[in-house]
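The chain contents come next:
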Amino acid sequence: MEVQHPSKILMTADTMGGVWTYAIELSKALSSFGVHVDLATMGAPLNEEQHQEVSEIRNLTVHESNFKLEWMDNPWEDLAKAGEWLLQLNEEIKPDLIHLNNMAHGNLSWGKPVVVVVHSCVLSWWRAVKGEEAPKEWETYLETVKAGLHAADMVVAPTQSMLHQAEELYGPFKQRTVIYNGRGQQLFQYASKEPFVFSMGRVWDEAKNIGMLAHIASDLQWPVYIAGDDKHPITGETIELENVHFLGQLSPKEVTQWLARASVYALPAKYEPFGLTILEAAMSGCALVIGKTDSLVEIWGNAAKYVNPQSADDLRDTINHLIEDEFTRNIMSCRSMKRSYGYASEHMAQDYSNIYRQLLRFKLPEIA
C-alpha cells in the first residue's frame, strides 16, 4: 500500500527567533504536498507583523499561547499546562502526525508518529559560549529534554554537527536524521552593493557575538549597521552597542532591502546550529564573514570567510581585507549565493515530507 503525505500535521513553534521563521517557511513549502499545518505557538504572543504573515498562508492555522519555553526561567508549571493544551489540540484537530520544534513534549501520549527537531539546546550552547559544562541548575532541563527526545519516533537536527552534539548529550534516539533548513530564494534579491557591513540577530544572545563586531567597528574602513532585538527576554536588560548604527528590529521587507545592498554580512558566532540570517545574506549575494564553528563550516564550505569567535583582531583583519580587495569580495559574494541554492525551502519540505511518509508507513495497521 502506497503511503500518502499527511493531510494535516500539528506543529509547535516559539515566536521569538529563527524557529518562527523556519516554521513559517516549512509550512508554506508543505502546501505543495497538500499538507495543512496547525501551528501551536508558545513563548510570547504573535506581534502585528507575525499575524499579517500567517494571514497570507492558506494551509496554516495558528493556535496561540504564551506558555514558557523549556529554556526559560522556572518553566516547569507552564510546560505541564502547555502539554495539556497540546493534547487537547491533538484531540480536536486529529492530525496525522506531530512535528515538535521544542523538545519537552516529545513524550506526551500523542497516539501518532512524533518528529522532534533539535534546533539548538542550552547544554550545547553553554559548552560553546561559556567553554564549560552547564551548571547543575540545568539538570531538570537535561532530564526533560532527554525524555522528550527518547520518546520521539524521529529526531531531526539542522546539521550533522548539531545531531552529534544532541546524541552525545541526550541520546541514543530511536531514529535520527539531518534536514538542512531552507528559505525561499524568491524572498531575497541582489541589488547594487554599497560600502557597508551588515549584521542582524538577537543582540542580547552571547552566542551571536554581535558585541565583538561592534567593538571593532571603529577600526573598519566601512560603517557597520546592525539590526535585531537588543532586550533580553528574561532579564529585561538592554544591550548597548558602540561604534555602530543600530537599526532595531526591522520588518521582513526592510531586512530584504538592507541585505540586498550590503556588501559584507558579518556574524562572528560562537554557537550557531544553522543560522537562517546567514542564509538570507547569502541569498542576497553578501560576502560572508562568520564564526568558525563545526556547523557553519559544514553548511558553507568555501563560500564564507571564517574567523575565530574569540579573536577581535581576526574579525577586524578579515573584514578589512574584504573591504580592500574588491576582487575577493566579489568571488565570495558569488560563492555564497551559489551555495545558498542548496538550502531552498522546497528542498527542506521534500526532505520532511519523506520522513513524514516513512513514519506513517511504519504506523499503518496490519492487515489480517
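Residues numbered from 1 in each chain as written. Predicted model: local features only at pLDDT ≥ 70, side-chain atom pairs only at ≥ 80, totals over all residues. Heavy atoms only, no water.

**Comments concerning the overall build of the chain**
A tally of regular secondary structure across the chain gives 13 helices and 13 strands. Over its C-alpha trace the chain gives a radius of gyration of 21 Å, about what one expects of a compact globule, namely 21 Å for 368 residues. Of all 368 residues assigned to the chain, the portion counted as buried reaches 56%. Partitioning the contacts of the chain with sequence separation of at least 6, the portion at a separation of at least 24 is 67%. For the chain, the exposed area adds up to about 16,200 Å²; of that, 47% sits on carbon and sulfur atoms. (Helix = DSSP H or I, 4+ residues; strand = E, 2+ residues; numbered from the N terminus. Rg over C-alpha atoms; globule rule 2.2 N^0.38 Å. Buried < 20%, exposed > 50% of the residue type's maximum accessible area, 1.4 Å probe, protein only. Contact = heavy atoms within 4.5 Å. Areas by Shrake-Rupley, 256 points an atom, 1.4 Å probe, with all protein chains shown as cover.)

**Quick word on the environment of Met-11**
Within the element layout of this structure, Met-11 appears in strand 1 (residues 8-14). Spatially, the C-alpha atom of Met-11 lies 10.0 Å from that of Val-114, the residues being 103 residues apart in sequence. Leaving out residues up to four positions away in the same chain, Met-11 has contacts with Ala-23, Leu-26, Ser-27, Val-37, Asp-38, Leu-39, Ala-40, His-99, Asn-101 and Tyr-356.

**Let's talk about the sheet that holds strand 11 (residues 262-267)**
Ordered by their spatial adjacency, 6 strands build an open sheet running 10-9-8-11-12-13, and the pairing between neighbours is parallel. Whereas interior strands pair on both sides, the edge strands pair on one side only; in this sheet they are strand 10 (245-248) and strand 13 (305-307). Strand-to-strand twist in this sheet, taken as the mean axis angle between neighbours without regard to direction, amounts to 25°. Of the strand pairs in this sheet, strand 12 (residues 287-291) and strand 13 are connected by 3 bridges, and their pairing is parallel. From the neighbouring strand, Ile-290 faces strand 13, where its bridge partner is Tyr-306. Helix-sheet contacts for helix 9 (residues 276-283) involve strand 8 (194-202), strand 11 and strand 12, and the interaxial angle to strand 11 is about 165°. (Pairing = 2+ DSSP bridges. Axes fitted to C-alpha atoms, helices over the stretch in contact; angles between N-to-C directions.)

**Regarding helix 4 (residues 122-130)**
Those residues of helix 4 that fall on the buried side of the exposure criterion are Val-122, Leu-123, Ser-124, Trp-125, Trp-126 and Val-129. Where helix 4 is buried, its residues meet helix 5 (139-151) and helix 6 (160-170). In the segment just after helix 4, Gly-131 is the residue with positive phi, at about 70°.

**Here we look at the packing of aromatic side chains**
The full count for this structure, using the stated rule, is 14 aromatic pairs. Ring centres of Phe-198 and Trp-258 lie 5.9 Å apart, and the angle between their planes is 10°; on these two criteria the pair is classed as stacked. Here Trp-258 lies in helix 8 (residues 252-261) and Phe-198 lies in strand 8, a separation of 60 residues in the sequence. Each member of the pair, Phe-198 as well as Trp-258, is classed as buried. Counting every residue linked through ring pairs, the aromatic cluster contains Phe-196, Phe-198, Tyr-225, Trp-258 and Tyr-265. If you follow Lys-130 out to its NZ or CZ, it ends over the ring of Trp-126, 5.7 Å from the centre. Geometry around Trp-258 places Arg-261 over its ring, the cationic atom sitting 4.7 Å from the centre. (Phe/Tyr/Trp six-rings, centres within 6.5 Å; stacked < 30°, edge-to-face > 60°. Lys NZ or Arg CZ within 6 Å of the ring centre and 35° of its normal.)

**Section: the packing of helix 4 against helix 6**
At a minimum axis separation of 10 Å, helix 4 and helix 6 run at an interaxial angle of 110°. The angle between helix 4 and helix 6 falls in the class roughly perpendicular. The segment helix 4 lies against helix 6, with Leu-123, Ser-124 and Arg-127 engaging Met-162, Gln-165, Glu-168, Leu-169 and Tyr-170. The residue inventory of the contact of helix 4 with helix 6, partitioned by class, reads 4 nonpolar, 2 polar and 2 charged. (Parallel < 35°, antiparallel > 145°, perpendicular 65-115°, else oblique. Nonpolar A, V, L, I, M, F, W, Y, C, P; charged D, E, K, R; others polar.)

**Examining helix 6**
When helix 6 is considered as a whole, its buried residues turn out to be Ser-161, Met-162, Leu-163, Ala-166, Leu-169 and Tyr-170. The inward-facing, buried residues of helix 6 abut helix 4, helix 5, strand 6 (154-157), strand 7 (176-178) and helix 10 (294-300).

**A few points about the side chain of Ser-353**
Among the secondary structure elements, Ser-353 is positioned in helix 13 (residues 345-362). With relative accessibility at 1%, the residue Ser-353 sits in the buried group. Residues contacting Ser-353, with those up to four places away along its chain left out, are His-5 and Phe-33.

**Focus: the pattern of salt bridges**
Overall, the coordinates contain 12 salt bridges when judged by the stated rule. Measuring nitrogen to oxygen at the nearest pair gives 2.4 Å for the salt bridge that ties Arg-183 to Glu-25. Separated by 158 residues along the polypeptide, Arg-183 in the loop between strand 7 and strand 8 and Glu-25 in helix 1 (residues 18-30) bring together distant segments of the chain. The residues Arg-183 and Glu-25 share a single accessibility class, namely buried. With its nearest N and O atoms 3.1 Å apart, the salt bridge here joins Asp-313 to Arg-316. Of this pair, Asp-313 and Arg-316 both sit in helix 11 (residues 312-324), 3 residues apart, roughly one helical turn. Here the salt bridges share partners, and the residues they tie into one network are Glu-25, Arg-183 and Glu-280. (Salt bridge = Lys/Arg side-chain N within 4 Å of Asp/Glu carboxyl O.)

**Things to note about the confidence of the model for the chain**
Confidence in the prediction for the chain averages 94 pLDDT; 96% of positions are at 70 or higher. Low pLDDT, under 50, characterises residues 364-368; the stretch is placed with 3 contacts to residues that sit more than four places away or in other chains. (pLDDT = per-residue confidence, 0-100.)

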